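Letter by letter, the chains look like this.
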Protein chains: 2
Amino acid sequence: MPKKREKEKKNGPSRPGLRGRVWMDGPEGTFFGHGRAVLLERIIEHGSITKAAKSMDMAYRHAWDLVDSMNRQAKEPFVEVATGGKGGGGARVTKAGEQAIKMFWRFHKDLQAFLKREEKKLRL
Amino acid sequence: MPKKREKEKKNGPSRPGLRGRVWMDGPEGTFFGHGRAVLLERIIEHGSITKAAKSMDMAYRHAWDLVDSMNRQAKEPFVEVATGGKGGGGARVTKAGEQAIKMFWRFHKDLQAFLKREEKKLRL
DNA sequence: GAGCGTAATATAGCTGAGGGAATAACGGGT
DNA sequence: ACCCGTTATTCCCTCAGCTATATTACGCTC
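Below, the structure is looked at part by part.

1. Quick look at the overall build of chain A
1) Next: Counting secondary structure elements, chain A contains four helices and four strands.
2) Next: For chain A, the sequential pattern of α-helices and β-strands runs β-β-α-α-α-β-β-α.
3) Next: Taking all 124 residues of chain A together, the buried fraction comes to 39%.
4) Next: Partitioning the intrachain contacts of chain A with sequence separation of at least 6 by distance along the chain shows that 56% fall at a separation of at least 24.
5) Next: When the accessible surface of chain A is split by element, carbon and sulfur atoms take 53% of a total near 8200 Å².

2. A closer look at unusual backbone geometry
Residues and elements named next belong to chain A.
1) Next: Positive phi values are uncommon outside glycine, yet Asp57 reaches one of about 60 degrees.
2) Next: Following the sequence through the fold, Asp57 ends up in the loop between α2 (49-55) and α3 (60-73).
3) Next: Under the relative-accessibility criterion, Asp57 is labelled partly exposed at 30%.

3. Some details on the pairing of strand β3 (residues 79-83) of chain A
Residues and elements named next belong to chain A.
1) Next: The pairing of β3 with strand β4 (residues 89-93) spans five bridges and is antiparallel. Note on β4: the bridge partner recorded for Val81 is Ala91.
2) Next: Linkage of β3 to β4, two consecutive antiparallel strands, is achieved through a turn of five residues, within which Gly84 is found at a positive phi near 75 degrees.

4. A short note on the packing of aromatic side chains
1) Next: All told, the structure shown has 11 aromatic pairs over all chains when counted by the stated rule.
2) Next: Ring plane angle 65 degrees and centroid distance 6.1 Å describe the contact between A:Phe32 and A:Phe104, whose orientation is recorded as edge-to-face. Placement of A:Phe32 in strand β2 (residues 29-32) and of A:Phe104 in helix α4 (residues 95-119) is noted, with a sequence separation of 72 residues between them. This pair shows no difference in class: A:Phe32 is buried, exactly as A:Phe104 is.
3) Next: With 5.6 Å between their ring centres and 55 degrees between their planes, B:Phe31 and B:Phe78 make a pair best called tilted. With B:Phe31 in strand β2 (residues 29-32) and B:Phe78 in the loop between α3 (60-73) and β3 (79-83), the pair connects residues that are 47 residues apart, well separated along the chain.
4) Next: Through a chain of ring-to-ring contacts, three or more aromatic side chains come together here, namely A:Phe31, A:Phe32, A:Phe78, A:Phe104 and A:Trp105.

5. Digging into the interface of chain A and chain B
1) Next: Between chain A and chain B, the residue contacts involve 30 residues of the former and 30 residues of the latter.
2) Next: Of the roughly 2800 Å² buried between chain A and chain B on both sides combined, carbon and sulfur atoms contribute 60%.
3) Next: Its largest share of buried area at the contact with chain B, chain A owes to A:Trp23, A:Asp25 and A:Phe107, together 20% of the area lost on that side.
4) Next: Seen at the junction of chain A and chain B, the total is four salt bridges.
5) Next: Its salt-bridge partner being B:Arg19, residue A:Asp25 comes within 3.8 Å of it at the nearest N-O pair.
6) Next: For the interface between chain A and chain B, the tally reads seven residue pairs in polar contact (both at pLDDT 80 or more).
7) Next: Contributions of two or more residues to the side of chain A that touches chain B are made by β1 (17-26), β2 and α4 of chain A.
8) Next: Sort the elements by how many residues they give to the side of chain A that touches chain B and β1(A) lands first, with 10 residues.
9) Next: For the side of chain A that touches chain B, the class distribution of residues is 15 nonpolar, five polar and 10 charged.

Conventions adopted
- Position labels on residues start from 1 in each chain and follow its written sequence.
- Naming scheme: in the order in which they are written, chains are lettered from A and ligands are numbered from 1.
- Under the rules for a predicted model, residues below a pLDDT of 70 receive no local features and side-chain atom pairs below 80 are neither given nor counted, while totals for whole chains, interfaces and linings still include all residues.
- The basis for every side-chain value is the complete set of heavy atoms in the structure, and neither hydrogens nor water enter the calculation.
- By the criteria applied, helices consist of DSSP H or I runs no shorter than four residues and strands consist of E runs no shorter than two, each listed in order from the N terminus.
- Three labels apply to residues, based on accessible area from a 1.4 Å probe with only protein chains included: buried if under 20% of the type maximum, exposed if over 50%, partly exposed otherwise in between.
- We call two residues in contact when some of their heavy atoms are within 4.5 Å.
- The protein chains shown are the only cover counted for residues, whose accessible areas, like all others here, come from Shrake-Rupley with a 1.4 Å probe.
- Should DSSP find at least two bridges between two strands, the strands are regarded as paired.
- Geometry of aromatic contacts follows a simple scheme: Phe, Tyr and Trp rings, the Trp one being its six-membered ring, pair when their centres are within 6.5 Å, and the pair is stacked under 30 degrees between planes, edge-to-face over 60, tilted otherwise.
- Note: buried area is the sum, over both parts, of the accessible area (probe 1.4 Å) each one loses when the two are combined.
- By salt bridge we mean one thing: a side-chain nitrogen of Lys or Arg within 4 Å of a carboxyl oxygen of Asp or Glu.
- Here a polar contact is recorded for every N or O atom pair within 3.5 Å, except that within protein the pair must consist of a potential hydrogen donor and a potential acceptor, and residues adjacent in sequence are included only if both atoms are side-chain atoms.
- Gly is placed with the polar residues, together with every amino acid not listed as nonpolar (Ala, Val, Leu, Ile, Met, Phe, Trp, Tyr, Cys and Pro) or charged (Asp, Glu, Lys and Arg).

As structure tokens, this is what we get:
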């Protein structure tokens, strides 16, 4: 029977061409990248880790680990969290977190431009 | 008991900073990247898939899959292979394969320069 | 203090990628 | 005909990343 969430791995045959990724490393390894940037944006949008995780089909456990990893490695926390209280609590992205998001998307954009330039040198 | 090969995953705490990767996609997905470039170089060096795989602590099965994947996606094969015969056979990297190696390292080098430039904009 | 919805934590299960080992096929040398 | 070392193929195992589920802690509101 069709489960609620189908998950359909996007392994579709991608167009041939040059591809790339950027991320930032921290003291413990990966510190900030595409997935974490999106997660933070969803937290801003929804105000909670639970809803943010659901909205991107991610297990809460995994989302919490990512948030925890960022907060441990950043000088100032990227996410402030409240347990209990009005509505049961919630999560809020700090200024530092917002800056990280902006910085990442800038790197991401620059990389796409770089790839487009380099791809002209490509002959398969 | 201590196994023969310990495999020690290099998850060491990396220096904080900007990191990145480039690769080429083909009709079936990943077509050429860092690992495959090194593999081809080892095949040139040793003249066989078996020895190349051993030299980089990779299972023959995996190495063969990578070679097969490249040969299926490339217009001209990157590796020509001989089973049986003198010395049991062997593998040889074609001109097309050598060109792919050169092209990849060029992209790789350009990316490193790009990352170094971009990293100046980074503030953790 | 009961209810509520969230964070936080623990535990077990799933799954895909890769590893290890075993075996057959191959073909020139001797 | 046999030996040899490699390619090619098969089967099973392990491990990590992530999922799924359940339970507890929390603190505001009523």
